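Residue-level structure breakdown
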Number of protein chains: 4
Amino acid sequence: MPDAIAELLHELIVATRILASQKVLDAFGHVSVRHPQNPQRYFISRHQAPELAEVSDLVELNLDSEPVKPTQFRLYSERVIHGEIYKARPEVNAVCHHHAHAVLPFCISGQQLVPVFHLPAVIGKVPFWDQRDEFGDTNMLVVKPEEGASLARALGSNWMVLMRRHGATVAGTTLRELTFRTVFGCENAALQSAAMAHGHVDSLSPGEIALSAAHSVRPPSTNRAWDYWVRHVENAGLMPAASAAKKSSAPAKRAKPRSARTRKRG
Amino acid sequence: MPDAIAELLHELIVATRILASQKVLDAFGHVSVRHPQNPQRYFISRHQAPELAEVSDLVELNLDSEPVKPTQFRLYSERVIHGEIYKARPEVNAVCHHHAHAVLPFCISGQQLVPVFHLPAVIGKVPFWDQRDEFGDTNMLVVKPEEGASLARALGSNWMVLMRRHGATVAGTTLRELTFRTVFGCENAALQSAAMAHGHVDSLSPGEIALSAAHSVRPPSTNRAWDYWVRHVENAGLMPAASAAKKSSAPAKRAKPRSARTRKRG
Amino acid sequence: MPDAIAELLHELIVATRILASQKVLDAFGHVSVRHPQNPQRYFISRHQAPELAEVSDLVELNLDSEPVKPTQFRLYSERVIHGEIYKARPEVNAVCHHHAHAVLPFCISGQQLVPVFHLPAVIGKVPFWDQRDEFGDTNMLVVKPEEGASLARALGSNWMVLMRRHGATVAGTTLRELTFRTVFGCENAALQSAAMAHGHVDSLSPGEIALSAAHSVRPPSTNRAWDYWVRHVENAGLMPAASAAKKSSAPAKRAKPRSARTRKRG
Amino acid sequence: MPDAIAELLHELIVATRILASQKVLDAFGHVSVRHPQNPQRYFISRHQAPELAEVSDLVELNLDSEPVKPTQFRLYSERVIHGEIYKARPEVNAVCHHHAHAVLPFCISGQQLVPVFHLPAVIGKVPFWDQRDEFGDTNMLVVKPEEGASLARALGSNWMVLMRRHGATVAGTTLRELTFRTVFGCENAALQSAAMAHGHVDSLSPGEIALSAAHSVRPPSTNRAWDYWVRHVENAGLMPAASAAKKSSAPAKRAKPRSARTRKRG
């Protein structure tokens, strides 16, 4: 396994731990990343609570969401969400599906999610999708390729889609951009709900959304947030071991955690 | 004590720790499991905060909720909730009574709890019971057999019942199904409250409830959630020691916690 | 110092840690206990965040809230709250003044706090007091004896009083009863607020309040909750060392914490 | 580096950790302190999540917010917020800019923040500033000197200003006063939102605000809260190492943490 891929898979696990630590993912939900050298494939954990996944739990799937090598692992029944979005959106390299408590009230009430401060401007326009519209009564899971394709069509050229009575799906060009958009999408939802309770919601203008989003997706912003979230995963003792590839060949980008020096441990 | 029972009692303690960890149980509330070989008996902790219970605190009661062997332990005054539901519902093998903060607002306001996303579809229809209707002013505790029987009648063929100005009681065919339904019943309540504040609640259709519930009660779902909740109990250092029976004869089903390898501890 | 007093002072510190752990006390607020052998005196911490108090920080005051022995310690400016309630209510042996976030919305909105489930029935009728009514514009602190006496009159024969734009004061016949009433007073407030957002509040009938309160103030209930809260203080590593008196002469009432055996520590 | 400055920089890091621990700061936001001997300069962290900053990450800027010595560090793009307020307000020696979740609903809804209990009276009158009013559509960041100067004008002679669809900026005469005002400004916001949901907000009278604020900004109050917040940072293992200067020449002002003696560690 080339070093670049080993590092990417490690980053996928870190992104997943961050999203669990930030209360986006719980027992359910999943995160994937597209293969950097073969855009017809993507990596995702086997079926389990995402927070528990290790690199050794990752499987490589084609865009029909079938494993490229035979595997004994049970797979996520909703993996077509990922495959169908990768098919429809060549520029998307990472996808997260979740049922975060901050966002679900919008999926239940049908209220429109809009950027209410500058950092979450990266969510842009957030369309709705209702599985019932096209498929009638189902078990609500997106398991058939045509269900995934329908969701991808609802997402369109946007970056986040709300699924009625179900959850949300978010896309990004990189894992760090995806993580930033997913977490701040939840923060926006929580704050918009609070402002709705105040009786008025003042959202960003289209110009403010475009300018703020362009600023926030740049690495200085996404890395600053990533480093902060990583520290919280570390402090909780939940950081996965560094990849072997990374350990042997690549110097860590971040300085060694200062907390290791200053945290008092018994 | 046969191994199967030792394992079941261990699982009862784990379920209890999960429900405490998930903020369903606090100083009050209790969980029980029916004897797997004698359906006229069930196991429940002696009187104490449920989170503090160990296997050695469990007592065996008959369906009149009297101990089958003399005991010095103080017993829960509300144990008839369990006995009377086991009498009325032969397919029920586990019961939880709680006062979770997510659910109590419904018990106080009288608003109907309805499944608002797919995972909690397992709560189905949730009836109300008001002790005052049949018994007038009481200390609100369900202590007489006829009070327990009245609650069991209100539950009927459903799986969760709300008790006005008091709390909730939930039933399951297994401990894991019970734990899943109890936790997601609380999550549904919290999210429904949030959607009510948005001004509209879009609930699942009857067909969606039936199909979603049928999917979620299957072991792949209940075990996935169970493993996740167990990890959180482990990470908090609150996992009970494995049962002696389990240690000697049965290999652990889950792999050894990966966190033990990767969590940083001083 | 007689053993009984040493144990009581230790219990005062434990009660304080519990109330901090349960998010009732923060940097401000205070708890006191009446001298068991001299009803004209009471014990309270010197001026500091209550969670930080140790037995060695306790001072003995008379009911005019003056120290019975000269002390270098800065004292709480609001200690007259305690002294004046002890003067007015001979059966009260413990007092807590706090600004818990659950209760403050009622102090700000003026909404009446009423028991909404059985456990908090111990709060009974909760009157309001507004320092402005009798004393006009002040710094809002209850520092003069006449201010404390006015608050005690508003409390009357009740057990909890809300102070407009300020906080709450709670009384008990014992430290454990006080702790139970204070914590469940906050839980009631939080749940009543949630039910108000649902649009309807169904409170206990007068008969239900009387019967439920009579049950909950008995030791089986207050001790069950106390043991649970103590465990949480222990698990957070915040339990004060046992008093010397207790260690040498009195066997611990609770079994040694089981968590010490079963908690996994690296 | 003189000892007084070393101690001040250490205190700046402690204040920052407190504000992170109290959920005011997250990946974004920043805190600064004016140079005690040269009022034309101030200290602030390099560009990063504030919680991660160490003394070695601090840079010294002039009031045009340019570094006084060449540095490789990336700087906060919004540092003009600090420089322009120091220019406009000679009595201000510490500034915090944040996006706390408690306060943002007011920035989004436009509801006026008012002191609702005595401790936050130190926020006084809280004006609004909308970057759009003067600068039209921007990326919402305060990066140009004229943007910072406009914000400083909106702050005027007050101590806290809300920035529409963005966050808040708070000023203080000392770091401890700033920390007190910032944390209690957030607590006031959360409690005011809760009281608004009750349907009525009873705020302090102008006389009560003046008298309460005068009391709370005194060291007995700000130090009591500071010591409490420090303990929470210590208990989380996130306290920065004491400054070398402080270690060698200055006895610690606070007694050694009692928790070190009484906290149980495995």
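None of these values were measured; they are calculated from a predicted model.

Conventions adopted
- Residues numbered from 1 in each chain as written.
- Chains lettered and ligands numbered in written order.
- Predicted model: local features only at pLDDT ≥ 70, side-chain atom pairs only at ≥ 80, totals over all residues.
- Heavy atoms only, no water.
- Buried < 20%, exposed > 50% of the residue type's maximum accessible area, 1.4 Å probe, protein only.
- Helix = DSSP H or I, 4+ residues; strand = E, 2+ residues; numbered from the N terminus.
- Pairing = 2+ DSSP bridges.
- Phe/Tyr/Trp six-rings, centres within 6.5 Å; stacked < 30°, edge-to-face > 60°.
- Contact = heavy atoms within 4.5 Å.
- Buried area = accessible area lost by both parts, 1.4 Å probe.
- Salt bridge = Lys/Arg side-chain N within 4 Å of Asp/Glu carboxyl O.
- Polar contact = N/O pair within 3.5 Å; in protein donor to acceptor, adjacent residues only side chain to side chain.
- Nonpolar A, V, L, I, M, F, W, Y, C, P; charged D, E, K, R; others polar.
- Axes fitted to C-alpha atoms, helices over the stretch in contact; angles between N-to-C directions.
- Least-squares fit on C-alpha atoms with pLDDT ≥ 70 in both.

**Describing the pairing of strand E7 (residues 167–172) of chain B**
Residues and elements named next belong to chain B.
- Across the six residues that make up E7, a large majority, six, are buried.
- Of the two faces of E7, both are covered, the one formed by Gly-167, Thr-169 and Ala-171 as well as the one formed by Ala-168, Val-170 and Gly-172.
- Sheet topology places strand E4 (residues 94–98) next to E7; five bridges connect them, and they run antiparallel. By the bridge assignment for E7, Cys-96 is matched with Val-170.
- Examined bridge by bridge, strand E6 (residues 160–163) and E7 share four bridges and lie antiparallel to one another. Each residue of the ladder has a partner; that of Met-160, found in E7, is Val-170.
- The hairpin formed by E6 and E7 contains three residues between the paired strands, and Arg-165 there has a positive phi angle of roughly 55 degrees.

**Considering the packing of aromatic side chains**
Residue and element names in this part refer to chain B.
- Overall, the coordinates contain 24 aromatic pairs over all chains when judged by the stated rule.
- Here the aromatic rings of Phe-180 and Trp-229 are separated by 6.4 Å at their centres, their planes lie at 55 degrees, and the arrangement is tilted. Taken as a pair, Phe-180 in helix H6 (residues 175–198) and Trp-229 in helix H8 (residues 219–235) lie far apart in primary sequence, 49 residues in all. Each member of the pair, Phe-180 together with Trp-229, is buried.

**Focus on the pairing of E4(B)**
Residues and elements named next belong to chain B.
- Taking burial as the measure, the five residues of E4 include five buried ones, the bulk of the element.
- Going residue by residue along E4, you find Ala-94, Cys-96 and His-98 tucked away on one face and Val-95 and His-97 tucked away on the opposite face as well.
- The sheet contact formed by strand E1 (residues 30–34) and E4 spans four bridges and is antiparallel. The partner of His-30 across the bridge, within E4, is His-97.

**Some remarks on the interface of chain C and chain B**
- Contacts between the two partners involve 37 residues from chain C, matched on the other side by 45 residues from chain B.
- A combined buried area of about 3,600 Å² lies between chain C and chain B, and 58% of that area is made up of carbon and sulfur atoms.
- Applying the counting rule to chain C against chain B returns four salt bridges.
- Measuring nitrogen to oxygen at the nearest pair gives 2.9 Å for the salt bridge that ties B:Arg165 to C:Glu208.
- Counting across the chain C and chain B interface gives 15 residue pairs in polar contact (both at pLDDT 80 or more).
- Counting only elements with at least two residues in the side of chain C that touches chain B, the list comes to helix H6 (175–198), helix H7 (206–216) and helix H8 (219–235) of chain C.
- The greatest single-element share of the side of chain C that touches chain B, amounting to nine residues, is contributed by H8(C).
- Its residues assigned to classes, the side of chain C that touches chain B comprises 14 nonpolar, 13 polar and 10 charged.

**A word on the sheet that holds strand E5 (residues 128–129) of chain B**
All names here are of chain B.
- Taking strand neighbours across the sheet as the criterion, the seven strands line up as E3-E2-E1-E4-E7-E6-E5 in an open arrangement whose pairing is mixed. Only two strands of the sheet have a single partner each, and these edge strands are strand E3 (58–62) and E5.
- Packing against the sheet, helix H1 (residues 3–21) makes contact with E1, strand E2 (41–45), E3 and E4, and its axis sits at approximately 155 degrees to E1.

**Thoughts on the relation of the copies chain C and chain B**
- The two copies are related by a screw motion: chain C maps onto chain B through a turn of 90 degrees and a shift of 0.0 Å along the axis, at an RMSD of 0.0 Å. Taken together, the turn and the small shift mark the pair as related by a four-fold rotation axis. Proximity to the rotation axis, assessed at the C-alpha, singles out C:Ala197 in chain C; its C-alpha lies 5.0 Å from the axis.
- Mapped onto chain B, only 3% of the interface residues of chain C again fall at the interface, so the copies present different surfaces.

**Regarding the environment of C:Leu25**
- In this fold, C:Leu25 is placed in the loop between helix H1 (3–21) and strand E1 (30–34).
- On the basis of relative accessible area, C:Leu25 is assigned to the buried category, the value being 3%.
- Dropping the residues within four chain positions of it, C:Leu25 is found in contact with C:Thr16, C:Leu19, C:Ala20, C:His30, C:Val31, C:Pro50, C:Cys96, C:His97, C:His98 and D:Tyr228.

**Comments concerning the pattern of salt bridges**
- This structure, assessed with the given rule, holds 64 salt bridges over all chains.
- For A:Arg231, the salt bridge identified is with A:Glu234, shortest N-O distance 3.6 Å. Of the two residues, A:Arg231 and A:Glu234 are both situated in helix H8 (residues 219–235); the distance of three residues between them amounts to about one turn of the helix.
- In this structure, D:Arg79 engages D:Glu66 in a salt bridge whose closest nitrogen and oxygen atoms are separated by 3.7 Å. Here D:Arg79 is found in the loop between strand E3 (58–62) and helix H2 (80–88), whereas its partner D:Glu66 is found in the loop between E3 and H2, with 13 residues between them in sequence.
- The class of D:Arg79 is buried, set by a relative accessible area of 16%.
- Residue D:Glu66 is classed as partly exposed on the basis of its relative accessible area, which comes to 39%.
- Connected through salt bridges with shared partners, the residues A:Asp130, A:Arg132, A:Arg164, A:Arg165, B:Asp202 and B:Glu208 form a single ionic network.

**Points about the side chain of A:Asp202**
- Mapping A:Asp202 onto the fold places it in the loop between helix H6 (175–198) and helix H7 (206–216).
- Looking at A:Asp202, its side chain comes within polar contact range of the side chain of D:Arg164, at 2.9 Å.
- Not counting residues within four places of it along the chain, the set of residues in contact with A:Asp202 comprises A:Val116, D:Ile108, D:Arg164 and D:Arg165.

Keep in mind these numbers describe shape, not what the thing actually does.
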